[in-house]
Structure formats: C-alpha cells, structure tokens
Amino acid sequence: MKFVTSILNRRAFVALAAASMLAGVMHSAPASAADVTIPIIVKDTTSFYWQIVLAGARKAGKDLGVNVPELGAQAETDVNGQISILENAVAGSPAAVVIAPTEAKALGKPIDEAATNVKIIGIDSGADSKAFTSFLTTDNIQGGRVAADGLAAAIGEANGGKIEGDVALITALPGAGSLEQRAQGFKEQLAAKYPGLKLIADKYADGQATTGLNIATDLITANPNLKGIFASNLIMAQGVGQAIAENSLAGKVGLIGFDSDEKLVKFLNDGVISGLVVQDPYRMGYDGIKTALAASKGEKVEANVDTGANLVTKANMKDPKIDALLNPKLD
C-alpha cells in the first residue's frame, strides 16, 4: 500500500511540475497582436467625417491584427460623455488609446490622468495637455490660410478680378482646438494678403447645421456687400451652403467649407460651394492605430505628424488624388 501511494505521489508531483512548467511558458510567451486592444475615441460616431476616421482605424486593426474598439459620443457637444468614454477605456487596460479631443481645455486634465496609465495618441484636435506620445493632425492654421486663399480666388472670379468686399467666418463650436486654429489661420491670411477683404462677422454656432443656416441667412440679409463666407467644418458648411442655395446666391457669395460629404460635393458640383479644404481623416485613423501600436511596444514615434490638407474645387475634384479624398472606402 505504501508502495502504491508512493507511486501515486510521484505521478502527482510530475504532473504538477509539468503543469507549472507549461504555465510558466504561457506566462512568459509574448502576447500575439490579436491580444492587443487599442480603442479609438472620436468626437461623434454619427458624422461622416468621423466615420472615415473609424474606417481607417478599422483597416489598420485588420492589417496589424489588433482589436480596435470604435468609441465616441453621439455629438461633438457631449464633452462630458467623451471624458467618461476615455476613463472607461483606460480602465480596461488597453495597450494604448487614440483620441480626438472634443474640447481642448476640458479634455486636458483627463488626458493627463489617462497618460499615467497608458500611451495616448492624439488625432485631429489638440488638448491642453503635454501628455500625448504622438499627435497626428492637419496643420489647421495652414488649413485656415488655404481657406482664405480659396475664398479670395472665388471672390475675384465672381467680381471681375476684384478681391474686395465683406466676408464672414462661422465656427461650429467655441473651444475646439482645430477650429480655433483654422479661424486663426484664416484671419491672419486675410490681414496679410487681402486688404480689400473686410471681416465683418466672426460667429460661433452650436454644432448644428440649422444654426449655421440661420446665422448665414441673417448675415446675408444684414450685409448686402457680403462677398464670401468661410464655414470652418463640415456641419457648418452644410448649413451655410443651404442658406446660399435658398437665397439663390450661388456664384455671387463665395463659400469655402472644410471637409466633405455627399451633400457638400453636390453643392460643389452645383456651384453653391466655391471650394472645400479637405483633410485626410482616413490616414488619421489608420496611422493613429499604427502609431499607437508602435508606441505600446516602446518604439520611437514622431511627436507631431502633419496629415495634410488640400483645396478642392470643381476644376480639380476629378484628379485621382483628390477623388480618393472625396470618396474614401468605408468598409
């Protein structure tokens, strides 16, 4: 009996030792890419622009074998909602987080706190934080300058080469870093290059297209010498474009928008919009995830990456490079 017990004890010991060795091997083996999770948090999951960003991130996830949860609020005005989403994402211990902050000041501290636990990659808009490992965005100040040049060209074309008259700026929301930079670049370029253009209105909206429509309609009614408007994001361009169309001012009041969707492209084709400053949101999403994965592995990444901006007009919208920006793949 003692002999049998001894044999059983030895077998148990060998089995336990083997299990311990296997567990040790499994614990020490590096995690596969499929085990890596990198959430991307956008400002608004319903907007076409942010859907393009998410499509780029989704493709990067497939190419790199990384899990990419697609997160975001239902509206860019939901700042507290985005903060909660960020906090919950970090609580899940991801490899890194990619985020487009909704509002620079409000997201500063939450990003600082998140970065004490995980690498944070910023895209599109900045925040009052120095904790980003890398930041990928359009040079929005330059984008504002491009918009000013495009608007001046449209006004000159409509007025026999004379670049003069009243112009207006309509910004979707106050406090959004990218929008403030676009406004800065636009105003600086007007002052530096176009003395004949007078900025008679610098308006903030509430992120709704109907508000942009109402602001533009009021400006058109109150300012008969209004020659042009810069609507600094997609939603504002939709509303202002509608105002131009409803007042039969296509080709008479120049309009430069920022970003694109099917409605804005139709406005461009119809001459309602003079031009669109188009970013590369697909690249922001794709390279955001790619950069986050590299950073999570301790690899060196660029602190700042300019993803580019292009002025799209009816004349160049069929160029292959421009067409790819206007018609990105969303699958």
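We now turn to the structure provided with this report. What you see is a predicted model; the values in this text were computed from it and never measured. (Residues numbered from 1 in each chain as written. Predicted model: local features only at pLDDT ≥ 70, side-chain atom pairs only at ≥ 80, totals over all residues. Heavy atoms only, no water.)

### Some words on helix H9 (residues 262-270)
Point 1. All buried positions along H9 are accounted for by Leu264, Val265, Phe267 and Leu268. Projected onto a plane normal to the axis of H9, the buried residues spread over an arc of 155 degrees and lie on a single side. For H9, the exposed residues set more than 90 degrees away from the buried face come down to Glu262 and Lys266.
Point 2. For H9, the elements touching its buried residues are helix H8 (234-246), strand E10 (275-278), strand E12 (310-312) and helix H11 (320-326).
Point 3. Sitting at the head of H9, Asp261 places a side-chain oxygen 3.2 Å from the backbone nitrogen of Lys263. (Buried < 20%, exposed > 50% of the residue type's maximum accessible area, 1.4 Å probe, protein only. Helix = DSSP H or I, 4+ residues; strand = E, 2+ residues; numbered from the N terminus. Arc of directions from axis to C-beta. Contact = heavy atoms within 4.5 Å. Polar contact = N/O pair within 3.5 Å; in protein donor to acceptor, adjacent residues only side chain to side chain.)

### Quick word on the pairing of strand E5 (residues 134-137)
Point 1. Alternating residues of E5 divide into Ser134 and Leu136 and Phe135 and Thr137, and every residue in both groups is buried.
Point 2. With three bridges joining them, strand E4 (residues 119-123) and E5 adopt parallel strand pairing. When the bridges of E5 are listed, Gly122 appears paired with Phe135.
Point 3. Pairing of E5 with strand E11 (residues 304-306) involves three bridges; the strand directions are parallel. Bridged to Phe135 within E11 is Asn304. (Pairing = 2+ DSSP bridges.)

### Some words on the sheet that holds strand E3 (residues 96-99)
Point 1. Spatially, the six strands line up as an open sheet ordered E2-E1-E3-E4-E5-E11, and their pairing is parallel. The open sheet has two edge strands with one neighbour each: strand E2 (70-72) and E11. Between one strand axis and the next, the sheet turns through 20 degrees on average, direction left out of account.
Point 2. Where strand E1 (residues 40-42) meets E2, three bridges bridge the pair, whose relative direction is parallel. Along E2, the bridge assignment pairs Ile40 with Glu70. (Axes fitted to C-alpha atoms, helices over the stretch in contact; angles between N-to-C directions.)

### Some words on the pattern of salt bridges
Point 1. Inspection of the entire model under this criterion finds eight salt bridges.
Point 2. Close ionic contact of Lys193 with Asp149 constitutes a salt bridge, the shortest N to O distance being 3.4 Å. On the criterion of sequence distance, the pair formed by Lys193 in helix H6 (residues 177-193) and Asp149 in helix H5 (residues 140-158) is long-range, its members being 44 residues apart.
Point 3. With its nearest N and O atoms 2.8 Å apart, the salt bridge here joins Asp270 to Lys266. Taken together, the positions of Asp270 and Lys266, both in helix H9 and four residues apart, correspond to about one turn of that helix.
Point 4. For Asp270, a relative accessible area of 44% translates into the label partly exposed. (Salt bridge = Lys/Arg side-chain N within 4 Å of Asp/Glu carboxyl O.)

### Quick notes on helix H4 (residues 104-114)
Point 1. All of the buried residues in H4 are Ala104, Leu107, Gly108, Pro110, Ile111 and Ala114.
Point 2. On the buried face of H4, the contacting elements are helix H3 (79-91), E3, E4 and H6.
Point 3. Sitting at the amino-terminal end of H4 is Glu103, which places a side-chain oxygen 3.4 Å from the backbone nitrogen of Lys105.

### A closer look at the pairing of strand E6 (residues 165-171)
Point 1. The buried count for E6 comes to seven of seven residues, which makes it a mostly enclosed element.
Point 2. One ladder, built from seven bridges, connects E6 with strand E7 (residues 197-204); its direction is parallel. Bridge pairing links Asp166 to Lys198 in E7.
Point 3. In this structure, E6 lies alongside strand E8 (residues 226-231), joined through five bridges in parallel fashion. Paired with Leu169 across the strands is Phe230, a residue of E8.

### Re the side chain of Ser260
Point 1. By the element assignment, Ser260 lies in the loop between strand E9 (254-258) and H9.
Point 2. Residue classification places Ser260 among the buried residues on the basis of a relative accessible area of 6%.
Point 3. Excluding residues within four positions of it along the chain, Ser260 makes contact with Phe48, Leu234, Val265, Leu276, Val278, Leu325 and Leu326.

### Considerations on the packing of aromatic side chains
Point 1. Inspection of every chain in the model, using the stated rule, returns four aromatic pairs.
Point 2. An angle of 90 degrees between the planes, with centres 4.8 Å apart, marks the rings of Tyr49 and Trp50 as edge-to-face. Trp50 shares its class with Tyr49; the two are buried.
Point 3. Pairing Phe186 with Phe230 gives two aromatic rings, centres 4.9 Å apart and planes at 40 degrees, and the pair type is tilted. Of this pair, Phe186 sits in helix H6 while Phe230 is found in strand E8, placing the two residues 44 residues apart along the sequence.
Point 4. The class for Phe230 is buried, based on a relative accessible area of 0%.
Point 5. In this structure, Arg182 packs its charged tip against the face of Phe258, placed 3.8 Å from the ring centre. (Phe/Tyr/Trp six-rings, centres within 6.5 Å; stacked < 30°, edge-to-face > 60°. Lys NZ or Arg CZ within 6 Å of the ring centre and 35° of its normal.)

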